[in-house]
Amino acid sequence: MFIAAYVFASSPCRGLALMSGDDAKLDRRAMLFGKWRRDQTSAPALAAVSGEIRAINWVRPPGAIAPSLFVEACDGCGACAEVCPAQAIKMNGPAVAGRKPGPRIDAAQNPCVMCDSIACVAACPTTALAPVTRDAIRIAQIRFDPARCRAVDGSDATCAVCAERCPVGVAAISVAPGQGPTIAGGCTGCGVCVHYCPAAPPPLIQLPPMV
Ligand code: SF4
Ligand code: SF4
Ligand code: SF4
Ligand code: SF4
């Protein structure tokens, strides 16, 4: 079982990174991110150490119920992965009820593109993926680290790839010259922006969804 802890870096740098542990812990400073889901059983997660970003971002498919319930409801059948037109879902996540690997999406490889039919939810034979409308998908939160953004550091002042690729548009993201992206309330957390951002590691970071 993979569980991660969320903390902010103690260094002057405001970068984020990943660490794992036996218990989900919420550092006081992590509260700056808002109201976090405490139930992190087998949930994808990020944390911050040393100001470095480690790319271990993954999320459940759209409609995934709370992590502790998901691992009991999902039987690892793989139907969601089979129908995903973006091949975003891989059956290599933490074990689920049948003690098979569960589904996971790594935006760095193939992000969820929020297909029109939300095919994964339609195909799920269990309650693991609950019906959700396209604009209500919230598979992650996106946080922005300006220190890594090419539009901010001047290496590519006109870069706006993240906003140009976003399947939602201005309701989710906008880019101001020299300032990089601003994430808005319509962001679904799909990770398309993370995938296409030319910076490495990308300054756009997926974090688990807020409850
Ligand atoms: S919503 Fe569509 S693109 Fe996204 S994970 Fe589900 S099947 Fe794949
Ligand atoms: S279709 Fe549903 S039950 Fe099957 S692996 Fe995907 S989430 Fe789990
Ligand atoms: S695509 Fe990446 S580097 Fe370019 S503006 Fe967006 S966050 Fe910055
Ligand atoms: S801002 Fe990024 S994560 Fe949010 S909807 Fe757009 S592409 Fe998806």
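Each remark here, short or long, concerns the structure printed above.
Source: prediction; values computed, not measured.

Here is what the cut-offs are and how they apply
- Residues numbered from 1 in each chain as written.
- Chains lettered and ligands numbered in written order.
- Predicted model: local features only at pLDDT ≥ 70, side-chain atom pairs only at ≥ 80, totals over all residues.
- Helix = DSSP H or I, 4+ residues; strand = E, 2+ residues; numbered from the N terminus.
- Near = placed C-beta within 6 Å.
- Nonpolar A, V, L, I, M, F, W, Y, C, P; charged D, E, K, R; others polar.
- Core = buried A, V, L, I, M, F, W, Y, C linked by C-beta atoms within 7 Å.
- Buried ≥ 20, exposed ≤ 12 C-beta atoms within 10 Å, placed from the backbone.
- Domains from an automatic or database assignment.
- Contact = placed C-beta atoms within 7 Å.
- Pairing = 2+ DSSP bridges.

Enquirer: Please provide a residue-by-residue account of the overall build of the protein chain, values included.
Expert: If you tally the helices and strands in the protein chain, you get 6 helices and 6 strands. Secondary structure elements in the protein chain, listed N-terminal to C-terminal, are α-α-β-β-α-β-α-α-β-β-α-β.

Enquirer: Any details on the site of ligand 2? Residues and values, ideally.
Expert: Around ligand 2, the structure places 13 residues, and the nearest of them are Cys74, Cys77, Ala79, Cys80 and Cys124. Grouping the constituent residues of the shell around ligand 2 by class yields 9 nonpolar, 3 polar and 1 charged.

Enquirer: Which residues make up the environment of Ala122, and what values go with them?
Expert: With respect to the element layout, Ala122 can be found in helix H3 (residues 119-123). A C-alpha to C-alpha distance of 9.2 Å links Ala122 and Val83, two positions 39 residues apart in sequence.

Enquirer: Describe the nonpolar core, and please don't skip the residues or the numbers.
Expert: The biggest cluster of nonpolar side chains holds 41 residues, and the ones touching the most others in it are Ile105, Cys120, Cys162, Cys193 and Leu204. Elements with a minimum of two residues in this core: helix H1 (67-73), helix H4 (150-153), strand S4 (173-176), helix H6 (192-196) and strand S6 (204-207). Mapped onto the domain boundaries, this core takes at least three residues apiece from domain 2 (60-139) and domain 3 (141-203). Residues within four places of Cys193 in sequence aside, it is in contact with Ile142, Cys162, Arg165, Cys166, Ile173 and Leu204.

Enquirer: Explain the site of ligand 4 residue by residue, including any values.
Expert: Contacts to ligand 4 come from 13 residues, most closely from Cys166, Ile173, Cys187, Cys190 and Cys193. A breakdown of the residues in the shell around ligand 4 according to their chemical character gives 10 nonpolar, 3 polar and no charged.

Enquirer: Before we move on, could you go through the pairing of strand S5 (residues 180-183) and cite the residues and values that matter?
Expert: Two strands pair when backbone bridges link them, and S4 and S5 are joined in this way by 4 bridges, in the antiparallel orientation. Directly across from Ile173, in S5, lies its bridge partner Ile183. Hairpin geometry of S4 and S5 is characterised by an intervening segment of 3 residues between the two adjacent antiparallel strands and by a positive phi of about 75° at Gly178.

Enquirer: So what about the environment of Arg148? Which residues, and what values?
Expert: As for its position among the elements, Arg148 is in the loop between strand S3 (141-144) and H4. For the pair Arg148 and Pro201, spaced 53 residues apart in sequence, the C-alpha separation works out to 7.4 Å. Contact partners of Arg148, with chain neighbours within four places excluded, come to Ala199, Pro201, Pro202 and Pro203.

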